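# Structure assessment
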Amino acid sequence: GLTRWTKPPSIFKGISMQSIAMNLAGNVYAAGHGALFEYDEKTALWVRRVTDNRFYSLCGTDVRTHVYCAELWGGLYKSTTPAITISVPEQTSPLNEAKDITHINTPLQWKQSTYAEQYYLQISTTPDFSTFIVNDSSIKALNYTAKNLEYSRQYYWRVKGLLGSLSSDWSPVRSFTTQAVYPAKLTLSSPPNASVGQTLENLLRWNKGAEADTFAVQLSMSVDFSVLHAQDSTLTNNVFPIKDLKNSTQYFWRVRGKNRAGYGPWS
């Protein structure tokens, strides 16, 4: 069932061909008396790669696509360079040092790498990639969507092409910063607003809010908070003890949350 040449290529005339081999990239080689040939799929022609009058009885390739030839009368020869070089993928999106990138479903894109059949992507919060958010070497497409990154965070990413055990160099390291998400306005819970008869030592409480990491609270006897009776901007919990209050005195208080993006609005 094989398709047979009715007339062999003229380049082979007078040459005893002994062996044929193919590497990971699909390059086909034929070895014989005094020569090594490679088949060029683009031109559909066989190209003479070696002419040294050695009688090659066997040829083969390794996982790095080096070509090996064994000589009938003794000797083993190896090509000095791999037959192919996988090009470094060119990153296209997001642009380097881009700001305000969505953190829920973050799309990364790059261009086709020559010979690559899949890609290896790394995403990290450190430029030396000492830790990984994504470390995936099985990507078949020219894009990847990172899920649920943190807001207001700088990320670093790089990608390289793979073909079996072969790989390109890493692409340049790019960075992007996800969009800022500020804490929402908080709701105060106790003491109730405009309440009277409160004790001179008390606890201020409020809802924590989903985006806040820390809280700042202010307590004043003036509605414009021009003079503060107490304040704290380092609270990690949603409660603040107060004391040394005065009898029959009206107090005003407010709270706001803070995270990596900054402060949210006052309650």
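Structure shown above.
So, about the pairing of strand S1 (residues 17-22). Sheet topology places S1 next to strand S2 (residues 28-40); five bridges connect them, and they run antiparallel. The partner of alanine 21 across the bridge, within S2, is tyrosine 29. Between the end of S1 and the start of S2, which pair antiparallel, lie five residues, with glycine 26 showing a positive phi angle near 90 degrees.

What follows concerns the nonpolar core. Counting residues in hydrophobic clusters, the biggest one holds 20 residues, and the most contacted among them are Leu108, Trp110, Tyr119, Leu121, Ile123, Trp157 and Phe176. Elements supplying a minimum of two residues to this core: strand S7 (98-101), strand S8 (105-110), strand S9 (118-124), strand S10 (134-139) and strand S12 (154-163). The biggest single contributor to this core is S12, with four residues. Counting 14 residues, the second largest nonpolar core, distinct from the first, contains Ala212, Leu235, Tyr251 and Trp253.

It is worth spelling out the layout of surface pockets at this point. A water-sized probe, rolled over the atoms, reveals where empty space remains. Here the largest pocket is characterised by a volume of approximately 700 Å³. Along the wall of the largest pocket there are 28 residues; nearest its centre are Ala194, Ser195, Tyr251, Phe252 and Trp253. Among the elements of the structure, strand S15 (188-190), strand S16 (202-206) and strand S20 (252-259) are those that each provide at least two residues to the lining of the largest pocket. Of all the elements, S20 adds the most residues to the lining of the largest pocket, at three residues. Taken together, the residues that form the lining of the largest pocket break down as 14 nonpolar, 12 polar and two charged. Roughly 260 Å³ of internal volume is contained in the second largest pocket. Lining the second largest pocket are 18 residues; nearest its centre among them are Leu36, Val50, Val67, Lys78 and Ser79. Elements with a minimum of two residues in the lining of the second largest pocket: S2, strand S3 (45-61), strand S4 (67-71) and strand S5 (76-78). The dominant element in the lining of the second largest pocket, judged by the number of residues it contributes, is S3, at four residues. Of the residues assigned to the lining of the second largest pocket, the class counts are 10 nonpolar, four polar and four charged.

We now examine the pattern of salt bridges. Within this structure, the stated rule accounts for four salt bridges. The residue lysine 111 makes a salt bridge to glutamate 90 at a minimum N-O spacing of 3.7 Å. Remark: glutamate 90 occurs in the loop between S5 and strand S6 (91-93) and lysine 111 occurs in the loop between S8 and S9; sequence separation between them is 21 residues. For glutamate 150, the salt bridge identified is with arginine 153, shortest N-O distance 3.1 Å. Each of Glu150, Arg153 and Arg260 takes part in a single network of salt bridges with overlapping partners.

Now for the side chain of threonine 178. As for its placement among the helices and strands, threonine 178 is situated in strand S14 (residues 174-178). Owing to a relative accessible area of 3%, threonine 178 belongs among the buried residues under this scheme. Side-chain polar atoms of threonine 178 contact the backbone oxygen of glutamate 150, separated by 2.6 Å. Of note is the side chain of threonine 178, whose polar atom sits 2.9 Å from the backbone nitrogen of arginine 153. If we skip the residues at most four places from it in the chain, threonine 178 touches Asp100, Ile101, Thr102, His103, Leu149, Glu150, Tyr151, Ser152, Arg153 and Tyr155.

In this section: the sheet that holds S3. Here we have five strands laid out as an open sheet, ordered S1-S2-S3-S4-S5, and antiparallel in their pairing. In the strand order of this sheet, the two ends are held by S1 and S5, each with one partner. Averaged over neighbouring strand pairs, the angle between their axes works out to 35 degrees when direction is ignored.

Moving on, we come to the packing of aromatic side chains. Two measures describe an aromatic ring pair: the distance that separates the ring centres and the angle between the ring planes. Summed over all chains, the structure comprises eight aromatic pairs. Plain terms: the ring middles of tyrosine 56 and tyrosine 77 are 6.1 Å apart, the flat faces sit at 80 degrees to each other, and that makes the pair edge-to-face. With tyrosine 56 in strand S3 and tyrosine 77 in strand S5, this pair connects stretches of sequence that are 21 residues apart. Note on tyrosine 56: relative accessible area 4%, which makes it buried. Classification of tyrosine 77 by relative accessible area gives partly exposed; the value is 29%. Counting every residue linked through ring pairs, the aromatic cluster contains Trp110, Tyr119 and Trp157. Against the face of tyrosine 263 rests arginine 256, its NZ or CZ located 3.9 Å from the ring centre. The ring of tyrosine 151 carries the charged tip of arginine 260 above its face, separated from the ring centre by 4.8 Å.

The rules behind each value
Residues numbered from 1 in each chain as written. Predicted model: local features only at pLDDT ≥ 70, side-chain atom pairs only at ≥ 80, totals over all residues. Heavy atoms only, no water. Pairing = 2+ DSSP bridges. Helix = DSSP H or I, 4+ residues; strand = E, 2+ residues; numbered from the N terminus. Core = buried A, V, L, I, M, F, W, Y, C linked by side-chain atoms within 4.5 Å. Buried < 20%, exposed > 50% of the residue type's maximum accessible area, 1.4 Å probe, protein only. 1 Å grid on protein atoms, 1.4 Å probe; cavity = no way out; pocket = protein on both sides within 12 Å on 5 of 7 lines; lining within 4 Å. Points joined across faces, edges and corners; volume = space filled by probe spheres on them. Nonpolar A, V, L, I, M, F, W, Y, C, P; charged D, E, K, R; others polar. Salt bridge = Lys/Arg side-chain N within 4 Å of Asp/Glu carboxyl O. Polar contact = N/O pair within 3.5 Å; in protein donor to acceptor, adjacent residues only side chain to side chain. Contact = heavy atoms within 4.5 Å. Axes fitted to C-alpha atoms, helices over the stretch in contact; angles between N-to-C directions. Phe/Tyr/Trp six-rings, centres within 6.5 Å; stacked < 30°, edge-to-face > 60°. Lys NZ or Arg CZ within 6 Å of the ring centre and 35° of its normal.

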